[in-house]
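Remarks on the overall topology
Read off the chains here:
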Amino acid sequence: GSKEDERAHVHACIMQYLSVHSDPNTLRNGVSFIIDLSARNDDPKLKKQPKVGNEKLIQSFYQAIPQRPQIIMIAGCSLPTRAIVNVSIRLASVFIKQKILQRIHFVTVEDAVKYLGEGSAPGYTGRGKMEGGLERYGKWVEERLGGLPKPDL
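**Focus: the packing of helix H1 (residues 3–20) against helix H3 (residues 55–64)**
The relative placement of two packed helices comes down to the angle between their axes together with the axis-to-axis distance. Across the interface, H1 lies against H3 with an axial gap of 11 Å and an inter-helix angle of 20 degrees. Considered as vectors, H1 and H3 are oriented roughly parallel to each other. In this structure, H1 crosses over H3, and the sense of that crossing is right-handed. Contact residues: H1 offers Glu6, His9, Val10, Cys13 and Ile14, while H3 offers Leu57, Ile58, Phe61 and Tyr62. Broken down by class, the residue content of the contact of H1 with H3 amounts to seven nonpolar, one polar and one charged.

**Let's talk about the pairing of strand S2 (residues 69–75)**
Counting buried positions over the seven residues of S2 gives five, a clear majority of the element. As defined by bridge partners, strand S1 (residues 31–36) adjoins S2 across six bridges and the pair is classed as parallel. Paired with Ile35 across the two strands is Ile74, which belongs to S2. With four bridges joining them, S2 and strand S3 (residues 104–107) adopt parallel strand pairing. Bridge pairing links Ile72 to Ile104 in S3.

**Topic: the layout of surface pockets**
In this model, the second largest pocket occupies a volume close to 310 Å³. In terms of lining residues, the second largest pocket is bounded by eleven residues, among which His9, Val52, Asn54, Ile58 and Tyr62 are the most central. Counting residues per element, the ones that place at least two in the lining of the second largest pocket are H1 and H3. Broken down by element, the lining of the second largest pocket gets its largest block of residues, four residues, from H3. Looking at the lining of the second largest pocket residue by residue, the class counts come to three nonpolar, five polar and three charged.

Cut-offs applied
- Residues numbered from 1 in each chain as written.
- Predicted model: local features only at pLDDT ≥ 70, side-chain atom pairs only at ≥ 80, totals over all residues.
- Heavy atoms only, no water.
- Axes fitted to C-alpha atoms, helices over the stretch in contact; angles between N-to-C directions.
- Helix = DSSP H or I, 4+ residues; strand = E, 2+ residues; numbered from the N terminus.
- Parallel < 35°, antiparallel > 145°, perpendicular 65-115°, else oblique.
- Left-handed = near helix turned anticlockwise from the far one by under 90°.
- Contact = heavy atoms within 4.5 Å.
- Nonpolar A, V, L, I, M, F, W, Y, C, P; charged D, E, K, R; others polar.
- Buried < 20%, exposed > 50% of the residue type's maximum accessible area, 1.4 Å probe, protein only.
- Pairing = 2+ DSSP bridges.
- 1 Å grid on protein atoms, 1.4 Å probe; cavity = no way out; pocket = protein on both sides within 12 Å on 5 of 7 lines; lining within 4 Å.
- Points joined across faces, edges and corners; volume = space filled by probe spheres on them.

Below is the structure:
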């Protein structure tokens, strides 16, 4: 949780945001947001990390980045988890517009892959081209950022 780590994290988030939104279609139409709660995510690297003390600061930064999800899919949700999520959504409906709530869909992982297209699915689904984890994702971010127009200063 050092200041240098926070700076690097914020910089990485901004670069990721710019790369995701670097094409006119995404800028105009927003993004698809998919949360995979399936058992495939039992990767030890994805387990909850111990708190370091800057979580509120980082969360406030995340909330400042507009994502504009046009569809929110919750994939691989067990029945008990789905019940908890439904109750949470009902509670949130007091504060959230109905059009946003209508964007939330429970789907299977297979349905999410069909929606995304197999080439966009993560490698752990067994269908995607996104093998290589963070290393491959870093290259994708660099490619997308490289396509942005550079202003003449």
